[in-house]
Each structure stands twice: as structure tokens, then as C-alpha cells.
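Here is how the chains run, residue by residue.
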Amino acid sequence: MSEITLWKPEPDLILHQALGKLAEELGELTQIVARCLIQGYTGSDPKTQQHNYVRLREEMADVLAAIDWLSELRHDLETYDSPRHLKKLKGFRQWQKMLEDDARAAP
Ligand SMILES: [Mg+2]
């Protein structure tokens, strides 16, 4: 029995394109997050002189827009204020506090 299965693209054209845009915008967000990490949040692009945090804000907005569009198309994907979203956010805030407490305790 073959482990290869027949995969086909998402047949709904609009859903297909919305998923594609989300993937594209996530890639752009990943690029600027990496740039902030290696060049600094307040660093700037040597070609455009644009600050990294400005570009980060733009790409975060693009990703949120892509998520909103996808959520409009498929209401079963709505995530804002979902139990998972709130649980994840609570966890991030707990982690931040742990990091801050650890930094204060460090000699
Ligand atoms: Mg973008």
C-alpha cells in the first residue's frame, strides 16, 4: 500500500487566495522579526533608512488584516478572544513576568 496520497489545491478560489495571502504576509513578518533580532529593534534598513520597528508594525498590520479577511470568509476560523487565544496571551504575560523577575534577581 502506497503512502503517497493525491493532494489537490484548495478548490475554493477565494479561500485559496486568502490562505495564500496569509502565508505571504507571515513570510514578510518573519523576515522583519529576524531583522529586528539581528540588527536591533531600532535599527534601520541601510537601503531605505526605514526603522525596523516601523516595518515590524506594518507587517504585523498586514498579518492581522490577512487573518481578519480569512476570518470573514470562514467564521469557523475566528480566533479573537477565543479560549485558546486568551490562554496563550495569559501564558505570554506570565512568561514576561518570570523573565522580569529573573532579571531583577540576577547579580
Ligand atoms: Mg506585507
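The structure displayed is predicted, hence computed values, not measured ones.

A. Representation of the domain arrangement of the protein chain within the structure. Splitting the protein chain by domain gives domain 1 (13–73) and domain 2 (79–107). Measuring from the centre of the C-alpha atoms in domain 1 to the corresponding centre in domain 2 gives 23 Å.

B. Looking closely at the side chain of E59. Within the fold, E59 resides in helix 2 (residues 52–73). Within the structure, E59 has its side chain in polar contact with the side chain of R55 (distance 2.7 Å). When sequence neighbours within four positions are dropped, the list of residues in contact with E59 reads E25, E28, L29 and I32.

C. Examining the side chain of N52 more closely. On the secondary structure map, N52 appears in helix 2. Discounting chain neighbours no more than four positions away, the residues touching N52 are I32, R35, C36, Q39, G40, Y41, G43, S44 and D45.

D. Region of interest: the coordination of the magnesium ion. Protein coordination at the magnesium ion comes from E25 (OE), E28 (OE), E59 (OE) and D62 (OD), with a distance range of 2.0 to 2.2 Å. Look at where the donors of the magnesium ion fall in the sequence and you get E-x2-E-x30-E-x2-D. Remark: E28 and E25 occur in helix 1 (residues 13–39); sequence separation between them is three residues, near one turn of the helix. Note on E25: relative accessible area 10%, which makes it buried. In this structure E28 comes out as partly exposed when scored by relative accessible area, which is 25%.

What counts and what doesn't
Residues numbered from 1 in each chain as written. Predicted model: local features only at pLDDT ≥ 70, side-chain atom pairs only at ≥ 80, totals over all residues. Heavy atoms only, no water. Domains from an automatic or database assignment. Helix = DSSP H or I, 4+ residues; strand = E, 2+ residues; numbered from the N terminus. Polar contact = N/O pair within 3.5 Å; in protein donor to acceptor, adjacent residues only side chain to side chain. Contact = heavy atoms within 4.5 Å. Donors = N, O, S within 2.8 Å, 3.2 Å for Na, K, Ca; no water. Buried < 20%, exposed > 50% of the residue type's maximum accessible area, 1.4 Å probe, protein only.

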